[in-house]
Amino acid sequence: MANASAIISDEMTLEEKLAAIDAAMATAQATADDQAQANGGTAAPIDPQDFLMCEGCQ
């Protein structure tokens, strides 16, 4: 789970925030893909909604 304050800040423009979020999603998907390949499977695309809910709500 990513911490939003580590990815974006109030001083960033909307374009910078969106680019940072896209980069974080790409990194998360690449990590999931690598883990799945190491286990002999394939990873499903990461749902962006997962970043908006606590783990207990998922």
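Each remark here, short or long, concerns the structure printed above.
Reading guide: rules and limits
- Residues numbered from 1 in each chain as written.
- Predicted model: local features only at pLDDT ≥ 70, side-chain atom pairs only at ≥ 80, totals over all residues.
- Heavy atoms only, no water.
- Helix = DSSP H or I, 4+ residues; strand = E, 2+ residues; numbered from the N terminus.
- Rg over C-alpha atoms; globule rule 2.2 N^0.38 Å.
- Buried < 20%, exposed > 50% of the residue type's maximum accessible area, 1.4 Å probe, protein only.
- Contact = heavy atoms within 4.5 Å.
- Areas by Shrake-Rupley, 256 points an atom, 1.4 Å probe, with all protein chains shown as cover.
- Expected span 1.5 Å × (residues − 1).
- Patch = residues over 30% accessible without salt bridge, like charges linked within 9 Å, V, L, I, M, F, W, Y side chains within 5 Å.
- Salt bridge = Lys/Arg side-chain N within 4 Å of Asp/Glu carboxyl O.

Colleague: Got a minute to help me understand the overall build of the protein chain in this structure?
Modeller: Helix and strand counts for the protein chain stand at two helices and zero strands. Against the 2.2 N^0.38 benchmark of 10 Å for 58 residues, the protein chain shows a C-alpha radius of gyration of 13 Å, more extended than a compact globule. Along the first, second and third principal axes, the C-alpha set of the protein chain runs to 40 × 25 × 15 Å. Within the span of the protein chain, comprising 58 residues, buried residues form 7% of the whole. Within the protein chain, contacts between residues at least 6 apart in sequence are counted, and of these 23% link residues at least 24 apart. Accessible surface, the protein chain: about 4500 Å² in total, of which carbon and sulfur atoms supply 56%.

Colleague: Looking at this model, I keep getting lost on helix H2 (residues 14-38). Mind explaining?
Modeller: Two residues of an α-helix separated by three or four positions point the same way, owing to the 3.6 residues in each turn. Between its first and last C-alpha, H2 extends 36 Å over 25 residues, near the 36 Å set by a 1.5 Å rise per residue. Of the residues making up H2, those classed as buried are Ala-20, Gln-29, Ala-32 and Ala-36. On its buried face, H2 is in contact with helix H1 (4-7). A positive phi of about 80° marks Gly-40, the residue just after H2.

Colleague: Hey, could you run me through the environment of Ala-43 in this one?
Modeller: The topology assignment puts Ala-43 in the segment after H2. What makes Ala-43 partly exposed here is its relative accessible area of 28%. Spatially, the C-alpha atom of Ala-43 lies 21 Å from that of Cys-57, the residues being 14 residues apart in sequence. Not counting the four nearest positions on each side in its chain, Ala-43 is found in contact with Gln-29, Ala-32, Asp-33 and Ala-36.

Colleague: Mind showing me how you'd approach the environment of Asn-39 here?
Modeller: Here Asn-39 lies in the segment after H2. Sequence separation between Asn-39 and Asn-3 is 36 residues; the distance between their C-alpha atoms is 26 Å.

Colleague: Just to check I follow, could you spell out a nonpolar patch on the surface for this structure?
Modeller: On the surface, Leu-14, Leu-18 and Ile-21 cluster together into a nonpolar patch covering about 280 Å² of accessible area. Secondary-structure assignment places Leu-14 in helix H2.

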